[in-house]
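# Structural overview for review
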Amino acid sequence: MDGQPDTEVNAKAKLTYPFAGPPVRGQTTEVAPGVHWIRMPLPYALNHINLWALDDGAGWALVDTGVRNEETALVWRELFANAPDRRSLSRVIVTHMHPDHVGMAGWLTRKFGVRLWMTALEYLSCRAMVSDSGREAPPDAIDFYLRAGWGPAAIEAYRARFGNFGKHIHPLPDSFRRLDDGDELAIGNNIWRVIVGTGHSPAHACLYCPALKLLISGDQVLPRISSNVSVYPTEPDADPMRGWLNSLARIRREVPDDVLVLPAHNECFQGLHARIDALASGQQRSLERLRRSLREPRRAIDVFGALFARPVSEADMPLLGMATGESLACLNYLVQRGDAVSSVDADGVAWYRWAARSQEPDSSQCGLLE
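Read on for an overview of the structure. (Residues numbered from 1 in each chain as written. Predicted model: local features only at pLDDT ≥ 70, side-chain atom pairs only at ≥ 80, totals over all residues. Heavy atoms only, no water.)

### Here's the deal with the pattern of salt bridges
- Under the counting rule described, the total for this entry stands at 19 salt bridges.
- The residue Asp-239 makes a salt bridge to Arg-337 at a minimum N-O spacing of 2.9 Å. Taken together, the residues span a long stretch of sequence, with Asp-239 in the loop between strand S11 (214-218) and helix H8 (240-254) and Arg-337 in the loop between helix H11 (317-336) and strand S13 (340-344) at a distance of 98 residues.
- Of the residues examined, Asp-239 reaches a relative accessible area of 12% and is grouped as buried.
- Assessed through its relative accessible area of 33%, Arg-337 is described here as partly exposed.
- Of the charged contacts, one joins Arg-299 and Asp-302 as a salt bridge, the two residues approaching to 3.0 Å between their closest N and O atoms.
- Within the structure, one salt-bridge network assembled from shared partners comprises Asp-181, Arg-193, Arg-250 and Glu-254. (Salt bridge = Lys/Arg side-chain N within 4 Å of Asp/Glu carboxyl O. Helix = DSSP H or I, 4+ residues; strand = E, 2+ residues; numbered from the N terminus. Buried < 20%, exposed > 50% of the residue type's maximum accessible area, 1.4 Å probe, protein only.)

Right, here's the structure in full:
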């Protein structure tokens, strides 16, 4: 799942969208020789995902698969019926472990008898999260959200929802082909280089093809929304925001600006460097607002207004979970740089404040950033 609409940042990024719109249901659009765009529905507020079929000679290499549900399976059957040729899948490549990307991978690899290609950390993390199915929420997770400031109703809703991750994913195959950063994959007549990023997920694989001037960016770079970057109960002291910002900078260094970007959500676009610059500067503005808000002690749930453009209700559990995780990612980023400190009160709630030893936010400079 990805972040909220990013209208302020997108307005400053000079992007172009070369296609009139996404492919219709059950059909594909060829965006470059041998590269086809597939649009799949999602049962969320973000109601679609883009998948990519790459001509692999004897078959088709598929990048990402859609979420596990009956509608996705139905659309896949429509695509098979409408396919321009009878070639089978040759492999299934998954950028990362989130259900909208990996959900149908097990079904497709078994149906066509092909290998799943994925980074090891994404594959193993997915297997670990699926193993939570049927478990009660562990005490560490409950303590994590209590520290963030969640109330009894939110905690009870979390207990009821815990372990649902696996419901959205067909069982993964018991073996896979590892993708590593820097790998060069021969897919048909082209070479695609793997660029692994972090922050949004543990080891997200992007695919760059210099010959076709294409970047399959997955969720690492999106044109109209910002990627969700969150801290989770399994690693409460993590600093994923640093990883995401560093990954953006690396993609900007290693991928030329003249590529066509094939993102997981929204539309294909040109203007990679402008979009990365806008995402990075927008995140720095958010962090500056957060720094200023910490002149008074705050809990994680108290800083939503400084970070997000829309209200976050305790009744909307998916949104509350993402907002809490991203707030903690920003807070951990400041704490680990000495810009903020935290303390836990007698009720087990963490309070964050500006660190007196760091330079106090300069309101005149902050105004320029906004």
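Picking up where we left off.
### Points about H11
- Taking 1.5 Å per residue, 20 residues should reach 28 Å; H11 reaches 28 Å between its end C-alpha atoms and fits that length.
- With respect to burial, H11 is a largely interior element, 16 of its 20 residues being buried.
- One or two steps after H11, the chain reaches Gly-338, where phi turns positive at roughly 80 degrees. (Expected span 1.5 Å × (residues − 1).)

### Quick notes on the sheet that holds strand S2 (residues 35-41)
- A sheet is described by the order of its strands in space; here seven strands give the open sequence S1-S2-S3-S4-S5-S6-S7, paired in mixed fashion. Whereas interior strands pair on both sides, the edge strands pair on one side only; in this sheet they are strand S1 (29-32) and strand S7 (177-179). On average, adjacent strands in this sheet sit at an angle of 30 degrees to one another, irrespective of strand direction.
- When strand S4 (residues 60-63) meets strand S5 (residues 89-93), the two strands line up parallel, connected through four bridges. Following the sheet pairing, Trp-60 is matched in S5 by Leu-89. (Pairing = 2+ DSSP bridges. Axes fitted to C-alpha atoms, helices over the stretch in contact; angles between N-to-C directions.)

### Looking at the side chain of Ser-227
- Turning to its location among the elements, Ser-227 is positioned in the loop between S11 and H8.
- Judged by relative accessible area, Ser-227 falls into the buried class, the value being 3%.
- Looking at Ser-227, its side chain comes within polar contact range of the main-chain oxygen of Asp-219, at 2.4 Å. (Polar contact = N/O pair within 3.5 Å; in protein donor to acceptor, adjacent residues only side chain to side chain.)

### Things to note about helix H7 (residues 152-161)
- Listing the buried residues of H7 in full gives Ala-154, Ile-155 and Tyr-158. Angular distribution of buried residues about the axis of H7 spans 100 degrees; they occupy a single face of the element. When the buried face of H7 is taken as reference, the exposed residues oriented beyond 90 degrees from it are Pro-152, Ala-153 and Ala-160.
- On its buried face, H7 is in contact with helix H6 (139-148) and H11.
- Trailing H7 by a residue or two, Gly-163 shows a phi angle of about 85 degrees, which is positive. (Arc of directions from axis to C-beta. Contact = heavy atoms within 4.5 Å.)

### As for the environment of Phe-304
- By secondary structure assignment, the location of Phe-304 is in helix H10 (residues 304-307).
- Placed 19 residues apart in sequence, Phe-304 and Ala-323 show a C-alpha to C-alpha distance of 7.0 Å.
- In contact with Phe-304, other than residues within four places in its own chain, are Val-312, Leu-320, Ala-323, Thr-324 and Ser-327.

### Points about the pairing of strand S14 (residues 350-354)
- Relative to S14, S13 is paired through five bridges, and the arrangement is antiparallel. Across the sheet, Val-341 pairs through a bridge with Arg-353, a residue of S14.
- Counting the residues in the hairpin turn of S13 and S14 gives five residues, including Gly-348, whose phi is positive at 80 degrees.

### A word on unusual backbone geometry
- Located in the positive-phi region is Asp-64, a residue other than glycine, with phi close to 70 degrees.
- Inspection of the secondary structure assignment puts Asp-64 in the loop between S4 and helix H2 (70-82).

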